[in-house]
Amino acid sequence: MYYSRHYLTFIGVFLFTVISYSQHSEISGRVFDKTNNEPLAFANLIVKGTQNTATTDIDGRFRMTDLKPGFITLEVTYVGYHPAKSPEILIRNAKQEYVEIPMEISGINLDEIEVIANPFQRTEESPLSLQKIGLSEIETSPGSNRDISRVIQSLPGVGSGVSFRNDIIIRGGGPGESSFFLDGIQIPNINHFATQGSSGGAVGIINADFISSVDFYSGAFPANRGNALSGIFEFTQREGNVERTKFRASLGASEVSLTADGPVGKKSNFIFSARRSYLQFLFDIIGLPFLPTFNDYQFKWKTRFDNKNELTIVSIGSLDQSRLNTGIANPTEEQQYILSYLPVNEQWSYAAGAVYRHYKKKSYQTIVLSRNMLNNLAYKYPDNDESRPRSIDYKSQEIENKLRFENNIRYGDYKFVYMAGAEYSKYFNETTQQIFIQNQLSTLYYKSNLDLFKFAASAQLSKNFMSERFSLSAGVRTDFNSYSKPMRNPLNQLSPRFSASYVLNGKWAVTANVGRYYQLPAYTALGFRDNAGVLVNKANELRYIGINHYIAGLQYVPREDIFFSLEGFMKQYFNYLFSVNDSISLANKGADFGVFGNEEVVSKGKGEAFGFEILNRTKLISGFNLMASYTFVRSRFEDKAGSLIPSSWDFRNIFVVTATKNFKRNWIIGLKWRFDGGLPFTPYDLSKSSIVDAWDAQGRAYLDYNQLNNLRLDPYHQLDIRVDKKYFFDRWSFMIYLDVQNLFNSVATFQDEYIQETDANGIPVKINNGYNYVLKPIPSTTGTVLPTIGIMVEF
């Protein structure tokens, strides 16, 4: 959104004429044993980088006062336990924050040893390929506008596609190869206007107001997390205020939101938010050809019955609508192109679940019950002429009901986690679509109802040796379901994994992981039928998509706030879905709006992705934060001849630097520079595209898959900057930021798009006795300087 210079001047004068504001904040919380939830009395706490300290009482509780507002981290030490760090916390005067800090018992004698909590600590199961993102990195990430989906694209090994989408492409994999968990509840997608069957979309659904931290796995997946080939994301939400109800109102780059959190009695707390976009008004004013509107809500309720039993209820949902702006007078060629193919789209989705946790002396058990649903509708009239039959009329629903049990056991140096899960899923699809195949126009119509029963089980054992310098972890998992004969056999999806880590000295460590993982194909593929109503992909005996990971790493930690790592990785794909009509691997699809996977496929595709990753993370007491990474990656999948060729995600080089610095009086300045190697692309088949029936069926040109990824785009780079200022008053807080994306005005050039040539009356020109249209190329570029302002008020 854009603001005039006078408006910005007014804001600045208002803020800088504030005479004074308070600098005294409070935080309270609890320190406890992670395994049995018992309080840890007389644990020592310190605010990192300060002299502010506290000690827990007999119930493990503490309170710290007279703190300076801003982002803080608490460090905790306790005899016999590993030192621990809290997640990053933003403390204000108007709101007392509350945090719970779990500690893990140590297998070595720490009585006389001075130890420091490492902010980059990994786990026994995942000693490498795991990144932890804190609150300050989410709140102040340049170019992200507090959109967690865009923050993710700044992580090492993550490639980004076109600038207006939130596709998550990890180490050369496709955009639909990740799983997402919100406080332990699996959610199918994290974006508005989602591509059904993939992970991408336009704007993130998850509200940054809720998030405490994010764990991102690009490999070494724990066995109790499945259905992923390239990435797993664990989003941890903060809890509601335990003192009194507070509110936050936000005006962001694309939406307005209101968040409330507070106590409910003595044992419960809640946090709730609702957001609504105003993009449709802005897009209409500036004459864009589509008018999107999104709405979402997010909710969390936490009840702690006693020290041994607690219940968390989580829900998230969205309502998205995108209509065409057909009232534009004299549309430009670019507007004509978008209007010619883009359908009207309406989506709504929700996920809701309950997590019950019971603690015992050396273990805790977790029961997760959840349900999620997606309703997707899309339709398109040729040339947007509603007097003609729709070229596509699509209705679909996905419903999943899940039950999962986990048991985490810690006994000395041993850690054992096992899991069992069951799921009942329903998929519905009714599709009427004009398709042009084998030089003739056909109408595909099918109505599909699919019921699936899914099951999963896993176990993982970890152990530390040599005073915890050496750790090993071995796990196994299986997934199976009722869809097809190969999928019903749990042995076909047996998924072993093994991790090892050895600390050479206090600063160097070597790590390794090998694992096999599986992912169920998208419902759009499982439920696809032909005109005769046959589930053709079931008849083709579709299988789970499989992958083998081989990863080795070297870590160097010169001091507790600086971390370097080098990781080499190899990913081998098998049973990848292969399109029967297009004769290409579906690994090359999935990064466009619409639906992905709704076609006849076979499980015969193979591919590979390999490379290395260099990372530096720095979090200094002075307030300087740095994440700098370079990823070299090659991604190749088989073509119809069985030869490995570059995939659509063969970036080769990804370089990302994100840096922020805290200054006095609560100023934060940050920058992010990103370089992406040019991606391969497939040229258009202009002969086929010009055929009248073919063009009317799709509204855009057809790719020539005989020249799959024969060409490559130029590399692209972008610099984003951001300035944050926070004001903390006694009863309220005011926060404002200026975010400028693409400061250098870099332009990414894609292959030309095509539109119909028209005569003086706007009627498409036809030749060859009306068999062909005359197509006209138009340049396709993206990239412009985009300044936005965000405002947040808490009271």
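For every chain, the first residue of the written sequence is number 1, and numbering continues from 1 along that sequence. Local features in a predicted model are, by the rule used here, given only for residues with pLDDT of at least 70; side-chain atom pairs are given and counted only at 80 or more, and totals for whole chains, interfaces and linings are based on all residues. Where side-chain values are given, they derive from all heavy atoms of the structure, hydrogens and water being excluded.

Tallying secondary structure elements over the protein gives 10 helices and 47 strands in all. On C-alpha atoms alone, the protein measures out to a radius of gyration of 27 Å, which is about the 28 Å that the 2.2 N^0.38 rule sets for 795 residues. C-alpha atoms of the protein, sized along the principal axes, occupy 90 × 65 × 45 Å. The buried label applies to any residue whose accessible area, calculated with a 1.4 Å probe on protein chains only, is under 20% of its type's maximum; exposed applies above 50%, and partly exposed to all values in between. Burial analysis of the protein (795 residues in total) assigns 58% to the buried set. Throughout, a contact is declared for two residues whenever any of their heavy atoms are within 4.5 Å. Counting only contacts in the protein whose residues sit at least 6 apart along the sequence, the fraction spanning at least 24 positions is 67%. Only the protein chains shown count as covering a residue, and every accessible area follows the Shrake-Rupley method with a 1.4 Å probe. Roughly 32500 Å² of accessible area belongs to the protein as shown, and the carbon and sulfur atoms make up 57% of that amount. Here the protein holds 82 positive side-chain charges and 79 negative ones, and the gap between their average locations is 4 Å. Elements are defined by DSSP. Helices are runs of H or I of four residues or more, strands are runs of E of two residues or more, and each kind is numbered from the N terminus. What the globule rule says is 2.2 Å times the number of residues to the power 0.38, and the radius of gyration is computed from C-alpha atoms. By the counting scheme adopted, Arg and Lys are positive, Glu and Asp are negative, and His together with the chain ends is not counted. For the purpose of locating charges, the reference atoms are NZ of Lys, CZ of Arg, CG of Asp and CD of Glu.

Before going further, it helps to examine helix α4 (residues 279–286). When we look at burial in α4, the residues that qualify are Leu279, Gln280 and Phe283. Mapping the buried residues of α4 onto a view down its axis gives an arc of 95°, with all of them on the same face. Within α4, the exposed residues directed more than 90 degrees away from the buried face are Phe281 and Ile285. Note on α4: the residue one or two positions beyond its end, Gly287, has a positive phi of about 80°. Relevant arc is that of directions from the helix axis to the C-beta atoms, nothing else.

Here we come to the sheet that holds strand β10 (residues 130–133). Hydrogen bonds between backbone groups are what pair the strands of a sheet, and the pairing can be parallel or antiparallel. The mixed open sheet is built from 5 strands, whose spatial order is β10-β17-β18-β13-β14. The two strands at the open ends of the sheet, each matched to only one other strand, are β10 and β14 (185–187). Ignoring which end each strand starts from, the neighbouring axes of this sheet average 20° apart. Bridge count for β10 against strand β17 (residues 211–217) is 4 bridges, and the pairing is antiparallel. Paired with Leu130 across the bridge in β17 is Tyr217. Strands pair, by our definition, only if DSSP identifies at least two bridges between them. Here an axis means a line fitted to C-alpha atoms, over the contact stretch when the element is a helix, while the angle between two N-to-C directions is reported on a 0 to 180 degree scale.

What makes a salt bridge here is a side-chain nitrogen of Lys or Arg within 4 Å of a carboxyl oxygen of Asp or Glu, nothing more. Tallying each qualifying case throughout the model produces 50 salt bridges. The salt bridge partner of Glu38 is Lys308, with a shortest N-O separation of 2.7 Å. Here the residue Glu38 occupies a position in the loop between β1 (25–33) and β2 (44–47), and Lys308 occupies one in the loop between β22 (290–306) and β23 (309–324), the gap between them amounting to 270 residues. Where Lys776 meets Glu333, a salt bridge forms, and the shortest distance between an N and an O atom there is 2.3 Å. Placement of Lys776 in strand β46 (residues 775–782) and of Glu333 in helix α5 (residues 333–341) is noted, with a sequence separation of 443 residues between them. For Lys776, a relative accessible area of 27% corresponds to the partly exposed category. Judged by its relative accessible area of 29%, Glu333 is partly exposed. Three or more residues joined by partner-sharing salt bridges are found here, namely Arg92, Glu97, Glu139, Arg146, Asp209, Arg248 and Glu794.

Think of a nonpolar core as a cluster: buried Ala, Val, Leu, Ile, Met, Phe, Trp, Tyr and Cys residues, connected wherever their side-chain atoms sit within 4.5 Å. Grouped together as the largest cluster of nonpolar side chains are 34 residues, with contacts concentrated most on Leu450, Tyr483, Met487, Leu526, Leu542, Tyr576 and Leu577. Elements represented by at least two residues in this core include exactly β28 (440–465), β31 (508–519), α7 (523–526), β32 (545–559) and β33 (562–579). If you tally residues by element for this core, the top one is β33, at 4 residues. In contact with Tyr483, not counting residues within four places along its chain, are Leu450, Leu452, Arg488, Ala525, Leu526, Asn537, Lys538 and Leu542. Val151, Leu155, Phe233 and Ile316 belong to the second largest nonpolar core, which has 31 residues in total.

Below, the discussion takes up the confidence of the model for the protein. pLDDT runs from 0 to 100 and stands for how confident the predictor is about each residue. Put simply, the protein has an average pLDDT of 91, and 94% of its residues get 70 or more. Contacts of residues 1–21 to residues separated by more than four positions or lying in other chains number 30 contacts, the stretch itself having pLDDT below 50.

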